[in-house]
Amino acid sequence: RELEHLEALDASFCEDVDDECVLVWVIRGGAAKLRELSLSWYEDRRDTSTKIGDATLAAIARCCPRVERLALDYRVAVRGAGLRLLPGGLKHLSLTSCAGGSPAGLRQLLARSPELSYLGLADCVKVTDGVLRALPAGVPLREISLWSCHEVTDDGVAAVARAAAATLEKID
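So, here is what we can say about the structure in this document. None of these values were measured; they are calculated from a predicted model.

## Considering the overall build of the protein chain
Within the protein chain one finds six helices and seven strands. Start at the N end of the protein chain and walk to the C end: the helices and strands fall as β-α-β-α-β-α-β-α-β-α-β-α-β. For 172 residues, the compact-globule estimate of 2.2 N^0.38 gives 16 Å, and the C-alpha radius of gyration of the protein chain, at 15 Å, lies within 12% of that figure. In terms of overall dimensions, the protein chain has a C-alpha envelope of 45 × 30 × 25 Å along the principal axes. Among the 172 residues that make up the protein chain, the fraction classed as buried is 50%. For the protein chain, contacts bridging at least 24 residues in sequence account for 69% of all contacts bridging at least 6. Accessible surface for the protein chain amounts to roughly 7900 Å². Of this, 49% is attributable to carbon and sulfur atoms. Side chains of the protein chain give 21 positive and 25 negative charges; the mean places of these two sets differ by 6 Å.

Spelled out as structure tokens, the structure:
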């Protein structure tokens, strides 16, 4: 329980961080108070980015009920099953280039995230208009990143604008 008071952990760009390492941190370390977790990777080093996947997301769901900010950029092993497990209540979610996230998993997660203010989905090839329609009405989204989401059309962007009409400041 060495980490029981920890509220933020940024292990981005740490080459040796993998599912097993994160499991030790959040389960054995006692990370119940963790509010911010960043495990992002380098854009140009996708070859080793598969070290973080659904096992990590399952551990976060079980052991970090207070997590509000989660960054998993360039973690291509993240799949739909893991996204479905994450707790609702996220305020900041960044999944840039997480090619494995299924549309169904993303839809379920977004529907349970009514407080989301930032959503990074850039270069997520499975993001569709249907995923964006899952944003709850009135979500306080200020910024969304959708560059290189080739399946997103004007209808998807319009769905974002409707859901976050009172707060949306930037679509990237």
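## Points about the state of the cysteines
Considering all chains together, one arrives at zero disulfides under this definition. Left without a disulfide partner, C21 is nearest to the cysteine sulfur of C14, which lies 8.4 Å away. On the accessibility criterion, C21 (23% relative accessible area) is partly exposed.

## Points about the packing of helix α1 (residues 19-28) against helix α2 (residues 54-63)
In the contact formed by α1 and α2, the axes pass within 9 Å of each other and the chain directions differ by 5 degrees. With respect to their mutual orientation, α1 and α2 come out roughly parallel. The segment α1 lies against α2, with D19, V22, L23, V26 and I27 engaging A55, T56, A59, R62 and C63. Classifying every residue of the contact of α1 with α2 by side-chain character gives seven nonpolar, one polar and two charged.

Cut-off values and rules
- Residues numbered from 1 in each chain as written.
- Predicted model: local features only at pLDDT ≥ 70, side-chain atom pairs only at ≥ 80, totals over all residues.
- Heavy atoms only, no water.
- Helix = DSSP H or I, 4+ residues; strand = E, 2+ residues; numbered from the N terminus.
- Rg over C-alpha atoms; globule rule 2.2 N^0.38 Å.
- Buried < 20%, exposed > 50% of the residue type's maximum accessible area, 1.4 Å probe, protein only.
- Contact = heavy atoms within 4.5 Å.
- Areas by Shrake-Rupley, 256 points an atom, 1.4 Å probe, with all protein chains shown as cover.
- Lys, Arg positive; Asp, Glu negative; His and termini not counted.
- Charge placed at Lys NZ, Arg CZ, Asp CG, Glu CD.
- Disulfide = S-S within 2.5 Å.
- Axes fitted to C-alpha atoms, helices over the stretch in contact; angles between N-to-C directions.
- Parallel < 35°, antiparallel > 145°, perpendicular 65-115°, else oblique.
- Nonpolar A, V, L, I, M, F, W, Y, C, P; charged D, E, K, R; others polar.

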